[in-house]
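# Survey of secondary and tertiary structure
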Amino acid sequence: MKNNKWRIFQIVQFILFFGISLILFFRKVDGSGAENTAEVKLISLAIWLGFYLFLLALEYGIRFLIAISKK
């Protein structure tokens, strides 16, 4: 049952990541008021992807540590 909750959380997290990625890619003006070009869109997506990968690494690291401590 715990593994099922983990998978549901991962699916919800990926849906949120994908939705925010679409918002970042299709917006015409960013938060500072500057117009988004293709390069700026790719940079913002790369930063967002880096943040998401950091969160995934942190989650899997914690999960790995919990698995080791249970043994």
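Whatever comes next refers back to the structure up there.
Everything numeric in this text was worked out from a predicted model, so none of it was measured. Each chain carries its own residue numbering, running from 1 in the written order of its sequence. It should be noted that, the model being predicted, local features are given only for residues of pLDDT at least 70 and side-chain atom pairs only at 80 or more, the latter also being counted only at that level, while totals for whole chains, interfaces and linings use all residues. Only hydrogens and water are set aside when side-chain values are computed; all heavy atoms of the structure are taken into account.

## Observations regarding a nonpolar patch on the surface
A cluster of nonpolar side chains, Phe14, Phe18, Leu22, Phe25 and Phe26, forms an exposed patch at the surface whose accessible area comes to about 510 Å². As for its placement among the helices and strands, Phe14 is situated in helix H1 (residues 2-26). The exposure class assigned to Phe14 is partly exposed, which follows from its relative accessible area of 43%. Each patch is built from residues lacking any salt bridge and having more than 30% relative accessible area; the joining distance is 9 Å for like charges and 5 Å for nonpolar side chains (Val, Leu, Ile, Met, Phe, Trp, Tyr). Computed with a 1.4 Å probe, the accessible areas rest on the Shrake-Rupley method; for each residue, only the protein chains presented here act as cover. Any Lys or Arg side-chain nitrogen found within 4 Å of a carboxyl oxygen on Asp or Glu counts as a salt bridge. Secondary structure elements follow DSSP: runs of H or I no shorter than four residues count as helices, runs of E no shorter than two count as strands, and numbering proceeds from the N terminus. Exposed residues in this analysis have more than 50% of their type's maximum accessible area, buried residues have under 20%, and partly exposed residues fall in between, with area computed by a 1.4 Å probe over protein chains only.

## Description of the side chain of Ser44
Position of Ser44 among the secondary structure elements: in helix H2 (residues 38-70). Pairs of N or O atoms are called polar contacts if they sit within 3.5 Å, as long as, within protein, a hydrogen donor faces a hydrogen acceptor (for residues adjacent in sequence, only side-chain-to-side-chain pairs). A polar contact of 2.9 Å, which involves the side chain of Ser44, links it to the backbone oxygen of Lys41.

## Overview of the nonpolar core
Ranked by size, the top nonpolar core spans five residues in total: Phe17, Leu24, Trp48, Tyr52 and Leu56. Within the residue set of this core, elements represented by two or more residues are H1 and H2. Per-element accounting of this core gives the leading share, three residues, to H2. Contacts: residue pairs with any heavy atoms within 4.5 Å of one another. For Phe17, the contacting residues outside a window of four places in its chain are Trp48, Leu49 and Tyr52. As used in this record, nonpolar core signifies buried Ala, Val, Leu, Ile, Met, Phe, Trp, Tyr and Cys residues forming a set joined through side-chain atoms within 4.5 Å.

## Let's talk about the packing of aromatic side chains
Note on aromatic pairs: the rings of Phe, Tyr and Trp (six-membered ring only in Trp) are paired at centre separations within 6.5 Å, and the planes decide the class, stacked below 30 degrees, edge-to-face beyond 60, tilted for the rest. Summed over the entire model, instances satisfying the criterion amount to seven aromatic pairs. Between the aromatic rings of Phe14 and Phe17, the centroid separation amounts to 6.3 Å while the plane-to-plane angle is 40°, which identifies the pairing as tilted. Separated by three residues within a single helix, Phe14 and Phe17 lie in helix H1, roughly one turn from each other. Ring geometry for Phe17 and Trp48: centres 5.9 Å apart, planes at 10°, overall stacked. With Phe17 in helix H1 and Trp48 in helix H2, the pair connects residues that are 31 residues apart, well separated along the chain. Trp48 matches Phe17 in its accessibility class, with the two residues each being buried. In this structure, Lys41 packs its charged tip against the face of Phe25, placed 5.2 Å from the ring centre. Only Lys NZ and Arg CZ are tested; either one counts as a charge over a ring when it is within 6 Å of the ring centre and within 35 degrees of the ring normal.

Interpretation note: all reported values are geometric properties and have no functional meaning in isolation.
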